Each structure stands twice: as C-alpha cells, then as structure tokens.
Amino acid sequence: MFLHQRQQQKPQVGDPNPPSPHPPSPLLPHPFSTFTKPLLLLLSLLLLSLLFFRFQAHYNFSSSAQSPLARWRDYTLSQAATFVAKNGTVILCAVSYPYLPFLNNWLISVARQSHHDQVLVVAEDYATLYAVNERWPGHAVLVPPVPDTQTAHKFGSQGFFNFTSRRPRHLLQILDLGYNVMYNDVDMVWLADPFPYLVETHDVYFTDDMAAVKPLDHPHGLPPPGKKGRPYICSCMIYLRPTSGAKFLLKKWIEEMQEQPWSKKQKANDQPAFNWALNKTVSQVDMYLLPQAAFPTGGLYFKNKTWVRETKRMHVIIHNNYIIGFEKKIKRFREYGLWLADDYSHESPLGKI
C-alpha cells in the first residue's frame, strides 16, 4: 500500500521555488439558481392561463346553458305563431315531456307532406320547451301558467283534464291573431295531405269519433245527438278559420268546461264540453264534418279490417284512440307499420329523441 501511495510534497524551508497552491476558482452561479426565477415565472403564467381558460370555458358553458332559459321563457304565443305561420295557417299541438316520442312520430308524417314548417308545439312544461327549441328553434312555446305535466296523464285523470282544458284558449288566441289553425293530437299519423279537404270557407271542420261505418257520401253537417243528448265529435282533430263563428264556438267550449269541472265522480275531459258547445251553437256556426273514409277514428281503422280494405288509399289522418296507455299505443302503431320514430327519425326536424 505504501508503494502505491502517492507521497505528498512538502515545501522545503528556504526552497526558492516552492509549489504554489491552486489559484482560487471564480464563483460560478449554480445552474438551478440561474433559471429558477424565469422558470417559476413561466410556470406561474402557464398556471394562470390554464385557470383563466378553464374559468372562461365554465362561464361560456353556463351562459350557453342559461341562454335557452333567458330566450324561450319570454317567447310568446303571438311571436311563435307569426314565426311558423305559412299561407296564413298554423298547425298546433300540445305536448308534455313524456309524449315527445309521439310528437316525433307525428312530425315525421307531417314532414312527409311538407307541412312541418307550420307546426307550433305548445309545450306544457319547460323540459319540452327547451328540448324542442334546442333542436328546432322557434317551434315551441310555453303559455303560462305551467300545469303539472311531468308524467303521462291517464285518460280521465285530473291531470289529463288540466292538460286538455287549455286547448280552446290556445286556439282562440291564434284565431284572434288572424290565422287559420289546425289542431292535432300527437297520437295521429298523416298518410296524405289533409289541406285539400279544407278548401271551402266553413268556420270549423271536425271528425266523427263514432266507429259505426258511414256511407262514403255521408252528410257533412253536425251529426244528431246520441244517447247522452250530444254528438260524438272528436276534439283531437279540428280546423278553424278566424271567423266570428269559430271564435263564438271556442268561447262556448270554454264556458262548458267551466260549468263541468273535473271531479272524482265526474272525471270530465274537454271532449264532452266541446260537443255540448257544438250542439248549442249549431245554428250560429258554419260546421263541416270531414269524410269518415279520410279521417277515421281509431275504433274503426284498427278494428274493422273489412272497412279498411274497402277504403284503401282514401285514408288521410289516422288517430290512435280507442285505446288507453302509452305503451299500448306504441305497440299498436308498430303492428300497423305506423310507428315511424325508430327507423325514420332523420326525417323529423327534431332528429332522434
């Protein structure tokens, strides 16, 4: 070990050339200390930028989420009717959120006849108002007050009465604006264009809700009263012109519903009141019963196959009534090839719902 150990030189006293010690090195800045401040500054700016953009994105999202609320809450029936009216006519329906699939199915059939641009959806809740206007701006309006319609109300329930009892007021308001108006329930399907049947100048057009077969050349006046002292006209497909006669009928309809409110015993709906109004104004209003072959009730179309064969190619609007229940209606539409919402949603202005 000693052989391989390097001996240290010791300066000799009196040596004229003593070995000089290493010169002191200049103090160099540490690399970390050189870049620390700029790096920290850069990271701080980057962090602030990320926070700013995140806040801005959240603000923009919140603003966009609130914009339909701010925009459509103040949208009025007058504005909406003016927006959708074509050739002086509005096609009206009233929908709560659970019935959006039926709205879409009906809209596809209306679009096939090129009349969808005239459609105005009276939304019975805010969810429907935003769902429709998000996809199809301007075609839905909410008329206060908002009824409690978050669930699909069963026929005969108080909710169903509250839902349908608003109908004549909506129609009257549109007539007062000077427009013709067609009302449809959304459990209908158009197979052809109904407007060629509405060319004359009657005050009101409607369909019979009776399933009994009529001759093809049946009369077009109000049918005689039935066992309950009133006719059985369907209030789900109505066409009205902005005449004094049509307005008088609607006001009478509103009066009849006020006189026959819903109760657990009575379980009223808007249709009996409509028929009483028709019966009491028949001498003052120009009424027209649409042909049964073109506008059959569900009790005839879905239950009389012989009649359907005999009147083939005459059908215009099919009403899926005479059956109660959301799923049952869809099932029957599917069985008859009339449920379009699954395979043809691309034809709807709402797209797939």
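This text goes with the structure placed above it.
As the structure is a computational prediction, the values presented were derived from the model and not from experiment.

Colleague: Just to check I follow, could you spell out the overall build of the protein chain for this structure?
Modeller: The secondary structure content of the protein chain amounts to eleven helices and nine strands. Across the 353 residues that make up the protein chain, the buried fraction comes to 45%. The contacts in the protein chain between residues at least 6 apart in sequence include a share of 74% that link residues at least 24 apart. Here the protein chain has roughly 20200 Å² of accessible surface; of this, 59% comes from carbon and sulfur atoms.

Colleague: In this structure, what is going on with helix α2 (residues 77-84)? I would like to understand it.
Modeller: Count 3.6 residues to each turn of an α-helix, and residues three or four apart come out pointing the same way. Within the span of α2, buried status applies to L77, A80, A81 and V84. Seen along its axis, α2 keeps its buried residues to an arc of 100°; they face one direction. Looking at the buried residues of α2, the elements they touch are β1 (89-95), β2 (119-123), β3 (140-142) and α6 (167-176).

Colleague: Explain the pairing of strand β6 (residues 204-208) to me, please; I cannot follow it from the model alone.
Modeller: With five of five residues buried, β6 is to be regarded as a mostly interior element. Pairing between β6 and strand β7 (residues 233-240): four bridges, direction antiparallel. Note that in β7 the partner of T207 across the bridge is C234. Here β6 runs beside strand β8 (residues 287-289); their pairing, made up of three bridges, is parallel. Opposite Y205, over in β8, you have Y288 as the bridge partner.

Colleague: Is there a simple way to think about a nonpolar patch on the surface in this case?
Modeller: Together, L41, L45 and L48 make up a nonpolar patch on the protein surface, roughly 310 Å² of accessible area in all. With respect to the helices and strands, the residue L45 is situated in helix α1 (residues 31-72). Judged by its relative accessible area of 48%, L45 falls in the partly exposed class.

Colleague: Any chance you could explain the sheet that holds β2 here in plain terms?
Modeller: Sheet strands pair via backbone hydrogen bonds, and the direction of the pair is either parallel or antiparallel. In space, the seven strands of this open sheet follow the order β3-β2-β1-β4-β7-β6-β8, with mixed pairing throughout. One side of each edge strand has no neighbouring strand; the edge strands of this open sheet are β3 and β8. Taken over all neighbouring pairs, the strand axes of this sheet differ in orientation by 30° on average, direction set aside. Sheet topology places strand β4 (residues 180-184) next to β7; four bridges connect them, and they run antiparallel. Residue Y183 lies in a different strand from β7, and its bridge partner there is I238. Against the sheet, α2 engages β1, β2 and β3, with an angle of about 155° to β2.

Colleague: How do you make sense of helix α11 (residues 326-335) when you look at a structure like this?
Modeller: Along α11, the positions that sit buried rather than exposed are K329, I330, R332 and F333. Buried residues of α11 fall within an arc of 165° about the axis and therefore sit on the same side. Exposed and oriented more than 90 degrees from the buried face of α11 are E327, K328, K331 and E335. Residues of α11 that are buried in the fold lie against α3 (100-111) and β5 (188-190). Taken from the residues just after α11, G337 is the one with a positive phi, measuring 70°.

Colleague: Just to check I follow, could you spell out the pattern of salt bridges for this structure?
Modeller: Pairs can form between side chains of opposite charge whenever their charged atoms are close. Applying the stated criterion across every chain yields a total of ten salt bridges. In this structure, E124 engages R166 in a salt bridge whose closest nitrogen and oxygen atoms are separated by 3.0 Å. One end of the pair, E124, is in the loop between β2 and α4 (126-135); the other, R166, is in the loop between α5 (158-164) and α6, and 42 residues separate them in sequence. For the residue pair E124 and R166, the accessibility class agrees, reading buried in each case. Where D176 meets K247, a salt bridge forms, and the shortest distance between an N and an O atom there is 3.5 Å. One end of the pair, D176, is in helix α6; the other, K247, is in helix α7 (residues 244-259), with 71 residues separating them in the sequence.

The rules behind each value
- Residues numbered from 1 in each chain as written.
- Predicted model: local features only at pLDDT ≥ 70, side-chain atom pairs only at ≥ 80, totals over all residues.
- Heavy atoms only, no water.
- Helix = DSSP H or I, 4+ residues; strand = E, 2+ residues; numbered from the N terminus.
- Buried < 20%, exposed > 50% of the residue type's maximum accessible area, 1.4 Å probe, protein only.
- Contact = heavy atoms within 4.5 Å.
- Areas by Shrake-Rupley, 256 points an atom, 1.4 Å probe, with all protein chains shown as cover.
- Arc of directions from axis to C-beta.
- Pairing = 2+ DSSP bridges.
- Patch = residues over 30% accessible without salt bridge, like charges linked within 9 Å, V, L, I, M, F, W, Y side chains within 5 Å.
- Salt bridge = Lys/Arg side-chain N within 4 Å of Asp/Glu carboxyl O.
- Axes fitted to C-alpha atoms, helices over the stretch in contact; angles between N-to-C directions.

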